[in-house]
Protein chains: 2
Amino acid sequence: MTTETDKTTTEETMTIREMCDLFEVTPRTLRFYESKELIFPIREGTRRHFTRRDRARLKLILRGKRFGFSLEEIRQLLDLYDMGEGKTVQLARTYELAQQHLDEMKGQREELDRAIAELETQMEWGARELEKRRSNAA
Amino acid sequence: MTTETDKTTTEETMTIREMCDLFEVTPRTLRFYESKELIFPIREGTRRHFTRRDRARLKLILRGKRFGFSLEEIRQLLDLYDMGEGKTVQLARTYELAQQHLDEMKGQREELDRAIAELETQMEWGARELEKRRSNAA
DNA sequence: AGACGAATTGACGTGAACGTAAATGAAACG
DNA sequence: CGTTTCATTTACGTTCACGTCAATTCGTCT
């Protein structure tokens, strides 16, 4: 009977410093994210202890940021990921929200594809010009 | 002999209002971009006149923004596009810079692909749960 | 000439996402 | 027990990309 609150899944918590080193963020950032309810470190007295869940969320937060999502938007997405972990509450609304985000992301990808293609063209030009100049200089 | 300063290429300029309507930006935005040397409208007295070049640049500016590039980064990229239009000055440095940006963009695309895949998995879950709930409610 | 609308120039304000400094508290070390 | 060493809280500061408002000025219409 190892299914109570499940202590098997190495619920080793981390200090704020360990988190900062692991994810390359500042303490300020982690506290800020907590204040915005993106992560929920446990409080032992005054100190914070970051759980596996916090780590998973932070990972997603940082990825979201790399795509230009706002922290508020990321918070919405995080809720979706949580759903997968069991509860499945209020799923319909969240599902819709994610669908929206997914559409945006796909649109963004298409545009990115076009932009990359254009840039590559531009750069072939550049490379040829570069070659010309090199041989002229010789 | 129609090749002097080239008046053939419909160099019709636009007022700030026309620009705003066409690109869905505010006057403030255009003036701001000018102050940051992203565009260079002609001055007739006090009024601005936006050229074809300004329009092309603005188009790229807005696209750059959609990818989360900062205005400063965009200014660098704009210089590259200008190269293609003739001068080809200082090409080597600019080329390198663009190569960097391209790599970043490609990396971003890969990550985006993975994220989309994950989200889609998550959403199949969601859709199934939704279906369960619908039939249970009936 | 007077009035009106459109454009311009400061200059201050704003929201997001933290940075940074000061004061305080807990804790570990010699 | 005193002193570093972290961590925390409070709070003001900062950068980016404009928004907003007031005071002019310019061109135009009557």
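Look up a bit, the structure's there.
Given the structure is predicted, the values throughout are model-derived calculations rather than measurements. (Residues numbered from 1 in each chain as written. Chains lettered and ligands numbered in written order. Predicted model: local features only at pLDDT ≥ 70, side-chain atom pairs only at ≥ 80, totals over all residues. Heavy atoms only, no water.)

Caption draft 1: The arrangement of helix α2 (residues 27–35) of chain B in detail. Residue and element names in this part refer to chain B. Among all positions in α2, only Leu30, Tyr33 and Glu34 are buried. Axial view of α2: buried residues confined to an arc of 100°, hence all on one face. Facing away from the buried side of α2 by more than 90 degrees, the exposed set consists of Arg28 and Ser35. Following α2 by one or two positions, Glu37 has its phi on the positive side, about 60°. (Buried < 20%, exposed > 50% of the residue type's maximum accessible area, 1.4 Å probe, protein only. Helix = DSSP H or I, 4+ residues; strand = E, 2+ residues; numbered from the N terminus. Arc of directions from axis to C-beta.)

Caption draft 2: Up close: the protein's contact with DNA strand C. Near DNA strand C, the surroundings consist of 17 residues, among which Thr26, Tyr33 and Leu71 of chain A together with Thr46 and Arg48 of chain B are the closest. Close to the protein, within 4 Å, the atoms of DNA strand C are drawn from sugar and phosphate at a rate of 65%. A distance of 2.6 Å separates a phosphate oxygen of DNA strand C from a polar atom in the side chain of Tyr33 of chain A. In this structure, a sugar or linking oxygen belonging to DNA strand C sits 3.4 Å away from a side-chain N or O atom of Arg47 of chain B. The element best represented in the surface near DNA strand C is helix α2 (residues 27–35) of chain A, accounting for four residues. (Near = heavy atom within 4 Å. Polar contact = N/O pair within 3.5 Å; in protein donor to acceptor, adjacent residues only side chain to side chain.)

Caption draft 3: Structural detail: the packing of helix α1 (residues 16–23) of chain B against helix α3 (residues 52–66) of chain B. Residue and element names in this part refer to chain B. The geometry of α1 relative to α3 is characterised by a closest axis approach of 12 Å and an angle of 40° between their N-to-C directions. In terms of their interaxial angle, α1 and α3 are classed as oblique. Seen from above, α1 lies across α3 with right-handed handedness. Counted together, Met19, Leu22 and Phe23 of α1 and Arg55, Leu58, Lys59 and Leu62 of α3 form the full contact between these two elements. (Axes fitted to C-alpha atoms, helices over the stretch in contact; angles between N-to-C directions. Parallel < 35°, antiparallel > 145°, perpendicular 65-115°, else oblique. Left-handed = near helix turned anticlockwise from the far one by under 90°. Contact = heavy atoms within 4.5 Å.)

Caption draft 4: Spotlight on the packing of aromatic side chains. Residues and elements named next belong to chain A. As enumerated under the stated definition, the model contains two aromatic pairs over all chains in all. When the centroid spacing of 6.3 Å and the interplanar angle of 50° are considered together, the rings of Phe32 and Tyr33 count as tilted. For Phe32, a relative accessible area of 29% translates into the label partly exposed. (Phe/Tyr/Trp six-rings, centres within 6.5 Å; stacked < 30°, edge-to-face > 60°.)

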